[in-house]
Amino acid sequence: MLEITPIPAFEDNYIWALINRDAGTAVVVDPGDASPVEAFLTKERLTLSGILITHHHGDHVGGVAALRANRDIPVFGPANEAIDLLTHRVGDGDCHMLPGEFSCSFSVIDVPGHTAGHIAYLVEDHLFCGDTLFVMGCGRLFEGTPAQLHASLQRIASLPATTQLFCAHEYTLSNLKFALTVEPSNEALQRRAFAVTETRASGLPTVPTTVAEELETNPYLRCHSSEILASAERFAGSPLATEVDVFAALRRWKNEFR
Ligand code: ZN
Ligand code: FE
């Protein structure tokens, strides 16, 4: 049985741990900081058996060197990004067994946009998507084009509706505020607002989310909505011809939204 749990790091990062209790092993995704991972492994009496990296940003790779220092474990990461200490450079369609006597494998999906070589890892029906999609939100465009990130999000949205999405940050309340601004009459969004506000008030993570929930509430997956089109055109001050244009306007708007 695969067990998944977040290890909180920095202000709002989640380092996801995939745990095999029978073997006493764990794989971590995007360890930006080694110390919370070491504390977690000690407390849970687990041996680190591998590391998965989604993209090159420091808050996702910063702990790799320290975690690798006294361990001979595989470090998987994007083939198209310059990251030190990777042992396996992987890209779209690649498939490997999860190291640590897990009975499941992971496959890789290219999701460029936040960074040029960003990848996501699919383990059964769990997707570790780094900074590509957040609950009711998406990553900033640092290296890619709006069309690229839009296509990457569409690819995630086309996974089965029950797929669980494990993002690398807790940005939900800020994303919620923006989502309610651009699509105020979305009833699913209004219902979700109550749910996630309560979850955060209890200090619990709102991640993972699911493809089904994001299709109903994530504005970046809803560029076809007439209300979102109208909002985005109001922000842009001109008509927007395509869904990518709507997406690009939403992403620009969110950058300056408070
Ligand atoms: Zn990032
Ligand atoms: Fe990040």
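Right above here is the structure, for reference.
Criteria and cut-off values
Residues numbered from 1 in each chain as written. Chains lettered and ligands numbered in written order. Predicted model: local features only at pLDDT ≥ 70, side-chain atom pairs only at ≥ 80, totals over all residues. Heavy atoms only, no water. Donors = N, O, S within 2.8 Å, 3.2 Å for Na, K, Ca; no water. Tetrahedral: all angles 85-135°; square planar, octahedral: opposite > 155°, others 65-115°. Helix = DSSP H or I, 4+ residues; strand = E, 2+ residues; numbered from the N terminus. Buried < 20%, exposed > 50% of the residue type's maximum accessible area, 1.4 Å probe, protein only.

Moving on to the coordination of the iron ion (ligand 2). Note on the iron ion (ligand 2): its protein donors are Asp59 (OD), His60 (NE2), Asp131 (OD) and His169 (NE2). The metal-donor distances range over 2.1 to 2.3 Å. Given 4 donor atoms and angles of 83 to 169 degrees at the metal, the environment of the iron ion (ligand 2) is assigned as irregular. Ordering the donors of the iron ion (ligand 2) by residue number gives the pattern D-H-x70-D-x37-H. Between the iron ion (ligand 2) and the zinc ion (ligand 1), the interatomic distance is 3.2 Å, and Asp131 donates to each metal, bridging them. Remark: Asp131 occurs in the loop between β10 (126–130) and β11 (133–134) and Asp59 occurs in helix α2 (residues 58–61); sequence separation between them is 72 residues. Residue Asp59 is classed as partly exposed on the basis of its relative accessible area of 22%.

Turning to the coordination of the zinc ion (ligand 1), a few remarks are in order. Of the protein atoms, only His55 (NE2), His57 (ND1), His114 (NE2) and Asp131 (OD) coordinate the zinc ion (ligand 1), at distances of 2.2 to 2.3 Å. The site at the zinc ion (ligand 1) holds 4 donor atoms, and with the angles between them running 86 to 172 degrees, its shape is irregular. Sequence spacing of the donors to the zinc ion (ligand 1): H-x1-H-x56-H-x16-D.

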